[in-house]
Structure formats: structure tokens, C-alpha cells
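Residue-level structural notes
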Amino acid sequence: MNASCSLWQDNSLSVKHFSFAKFSEITEQCFLLFTLILLMFLASLTGNALIALAIWTNPVLHTPMYFFLANLSVLEIGYTCSVIPKMLQSLVSEARGISREGCATQMFFFTLFAISECCLLAAMAFDRYTAICSPLHYATRMSRGVCSQLAVVSWGVGCIVGLGQTNYIFSLNFCGPCEIDHFFCDLPPILALACGDTSHNEVAVFVVAILCISSPFLLIIASYGRILAAVLIMPSPEGRRKALSTCSSHLLVVTLFYGSGSVTYLRPKASHSPGTDKLLALFYTVVTSMLNPIIYSLRNKEVKAALWRTLGRKNVLTHG
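Residues numbered from 1 in each chain as written. Predicted model: local features only at pLDDT ≥ 70, side-chain atom pairs only at ≥ 80, totals over all residues. Heavy atoms only, no water.

The name that an unreviewed UniProt entry assigns to the protein is Olfactory receptor, with the source organism given as Vulpes vulpes. We quote the UniProt Subcellular location (unreviewed entry) comment for the protein here in full: "Cell membrane". Within the UniProt record for the protein, the comment given under Function (unreviewed entry) is "Putative odorant or sperm cell receptor." (UniProt positions renumbered as here; feature names shortened; annotations may be inferred.)

Shown next as C-alpha cells:
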């Protein structure tokens, strides 16, 4: 038995340590993937940190839309940092083990950031709906207090779901094998290693996915349905173009995030395969987090200008 798969005795035999499956026996493939993921990880961290910093240091961006964008950038940083470092270590090191407690911690933070992002994307859609469909009431409906409450609720829901799901899954016994056929401690591959009947846990994961992934998504769809109806009756083509341009970046981010998340967690269990799940995991943990700051900076003139001002200010301080 692998040293990282030790067992302990407490009423029943249960795995104390897990290990991640090796991506490939070909060393060059592992190093190639390591290099690609590392570059995307660094790009994601840099891009999201710059956007959060630009919004924080530029008063012109202290509006509800950019307040939520700053929260999204912080979530993306936490989201990637919760799984990518361990993933990189597993790709180039023989030390691919992780303790039961470490695995539970990783699952908690990954779930916290993922569910919080689902809720925050819905809050951002509501903000756009209010701005376009009720512009005269926007200042009161999206006041600083309301925005703060929506952000706190998003983070709070993520924390509650993360604690509940992690506690529910790690209350199970894991009798072995203890090799996780995945890059990190995600819900489906960990459940696959549990002893006995896990149907109740699988139902719980699916129900939470429906409530915390589908429900915010339906709110987003409803918001954009109302937005589209309002835009279509605008008399000015310029007004229609401007209204839609404020939504395009958010729509792209929603499509990327929900597309990969829905395929991963809402498709039937029989259609799951380790290879497909790993590719999807790479997409929604690395690629989308790297693309989000690019989408917002390239498609938003105010963010682009704020980034240049922030970078210019840093250069002045460096050379001053």
C-alpha cells in the first residue's frame, strides 16, 4: 500500500491520507502541462489582482458594477489559489499525497469560492437589470448598503454550503483505494472513494448544485430577459448599443463559468469519466479565471483606463 494511503482504526477502517493520480507516466507531458498551468495561473493572479487594485485606487470606479467586479476578482484569486498550487506540485513531484484534513480544507475553500461566485454573478446581473430597466431608482436600489449586503450574502451562502457539503462528505468512511483520480479534492471523485451506499450524499450534492448553480443562473436569465425587452423598445440605436455593451462582458463570463460548471455537476453520473472531468476541471479552475480579467479589461474602456492609470502610478513610484 502507498505510504500516503495509511489507515486508522476508529470503529471501522478508514483512509487517513489520499493521493492524487499521476497525470502521465511520460515526464515531458507532465512538465508541459505544469508549464502551461503555471503560466495561466500567474496570468490569472496578475490580471485579477490588477483589476481589484485599479478599482480600489480609482474613485471613478467606486460604483456598484465595479464593486461587484472587484469582489469577483478576489473570488477568482481565492478560487485558483485553493487548488492550483497543489495541482502543480502533483504534476512534477512524487509527493502527491494529501491528508484527509487537507483534502477537506481544499474542498471547503473550493466550494466556498465557487458557490460565492455563482451568487455574485447573479447579483451583477441584478445590478445591470436595475441600471437599464429602472435607471431613475438605480441610486436607491443599488446603494452602497444594498451592494454590501448582496456581497455578504454571496460570501455567506458560499461559506455555509462549503461547510455543509464538506462536513457531510467527510463524515463518511473511506476504505480504499485512496487514489483520487483527479487534480484536486472535488466532490464527485471523493464520493467515488467512499465506502458503502453514498446515494444520499450524491443526491445532496445534486440538490445543492440545482439550488446554488441553477437558481442563480435562472435569476441571471430572468434579469437579461427583462433587459432585452427594455433594450428592444429603446428608440435610439446608440442607446441600445450602449446598454448592451455594459452587459456583454458579464454575459461572456457567465457563459464560461456556468457552461463548464453545469456540464461538470449537473450531467448524469453515468456520463462521468475521469479524463473528461479532468479536462473540465482545468477549464473552470484555470482557463476561466485567466480569461475573466482579459474580458473585462478589453471590453470595458473605464477598466482599461483605470488599469493604465494604476500601472502608470506604480511606475512613477518605482522610478521616483
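Next, the rest of the story.
On to the side chain of Thr166, then. The residue Thr166 is located in helix H6 (residues 144-169) in this model. Of the polar contacts made by the side chain of Thr166, one reaches the backbone oxygen of Gly162; its length is 2.7 Å. Excluding residues within four positions of it along the chain, Thr166 makes contact with Ala104, Met107 and Phe108. (Helix = DSSP H or I, 4+ residues; strand = E, 2+ residues; numbered from the N terminus. Polar contact = N/O pair within 3.5 Å; in protein donor to acceptor, adjacent residues only side chain to side chain. Contact = heavy atoms within 4.5 Å.)

Summed over the entire model, instances satisfying the criterion amount to 1 salt bridge. The salt bridge partner of Asp127 is Arg128, with a shortest N-O separation of 3.0 Å. (Salt bridge = Lys/Arg side-chain N within 4 Å of Asp/Glu carboxyl O.)

Moving on: helix H8 (residues 199-232). Between its terminal C-alpha atoms H8 stretches 47 Å, which fits the 50 Å expected from 34 residues at 1.5 Å a residue. Along H8, the largest kink reaches about 30° and is centred on Ser214; proline Pro216 follows within four residues of it. (Expected span 1.5 Å × (residues − 1). Bend = angle between axes of the 7 residues up to and from the residue.)

This next bit is on the nonpolar core. Counting residues in hydrophobic clusters, the biggest one holds 63 residues, and the most contacted among them are Ile37 and Leu121. At the level of secondary structure, the elements contributing two or more residues to this core comprise helix H1 (27-57), helix H2 (64-81), helix H3 (84-92), helix H4 (100-133), H8, helix H9 (237-265), helix H10 (274-298) and helix H11 (301-319). For this core, the element with the highest residue contribution is H4, accounting for 14 residues. Leaving out residues up to four positions away in the same chain, Ile37 has contacts with Ile84, Met87, Leu88, Leu91, Leu282 and Val286. Within the second largest apolar cluster, 20 residues are counted, among which are Phe170, Ile180, Cys185 and Leu191. (Core = buried A, V, L, I, M, F, W, Y, C linked by side-chain atoms within 4.5 Å. Buried < 20%, exposed > 50% of the residue type's maximum accessible area, 1.4 Å probe, protein only.)

This part takes up the environment of Pro85. Relative to the helices and strands, Pro85 resides in helix H3. Look at Pro85 and you get partly exposed, because its relative accessible area is 40%. Spatially, the C-alpha atoms of Pro85 and Phe184 are 10.0 Å apart, while their sequence positions differ by 99 residues. Setting aside anything within four residues of it in sequence, one finds Pro85 in contact with Phe41 and Thr80.

Let us now look at the packing of H2 against H6. Each pair of packed helices can be summarised by the angle the axes make with each other and by the distance between the axes. Contact geometry for H2 and H6: axes closest at 10 Å, N-to-C directions at 20°. With respect to H6, the element H2 is oriented roughly parallel. Relative to H6, the crossing made by H2 is right-handed. In this structure, H2 contributes Pro64, Phe67, Phe68, Asn71, Val74 and Leu75 to the contact, and H6 contributes Cys147, Ser148, Leu150, Ala151 and Trp155. Considering only residue class, the contact of H2 with H6 consists of 9 nonpolar, 2 polar and no charged. (Axes fitted to C-alpha atoms, helices over the stretch in contact; angles between N-to-C directions. Parallel < 35°, antiparallel > 145°, perpendicular 65-115°, else oblique. Left-handed = near helix turned anticlockwise from the far one by under 90°. Nonpolar A, V, L, I, M, F, W, Y, C, P; charged D, E, K, R; others polar.)

Further remarks concern the packing of aromatic side chains. All told, the structure shown has 12 aromatic pairs when counted by the stated rule. With a centroid separation of 6.4 Å and 55° between ring planes, the pair formed by Tyr79 and Phe257 is classed as tilted. With Tyr79 in helix H2 and Phe257 in helix H9, this pair connects stretches of sequence that are 178 residues apart. Under the relative-accessibility criterion, Tyr79 is labelled buried at 2%. Overall, Phe257 belongs to the buried group, its relative accessible area being 7%. Among the aromatic residues, those joined into a ring-pair cluster are Tyr79, Phe110, Phe184, Phe217, Phe257 and Tyr258. (Phe/Tyr/Trp six-rings, centres within 6.5 Å; stacked < 30°, edge-to-face > 60°.)

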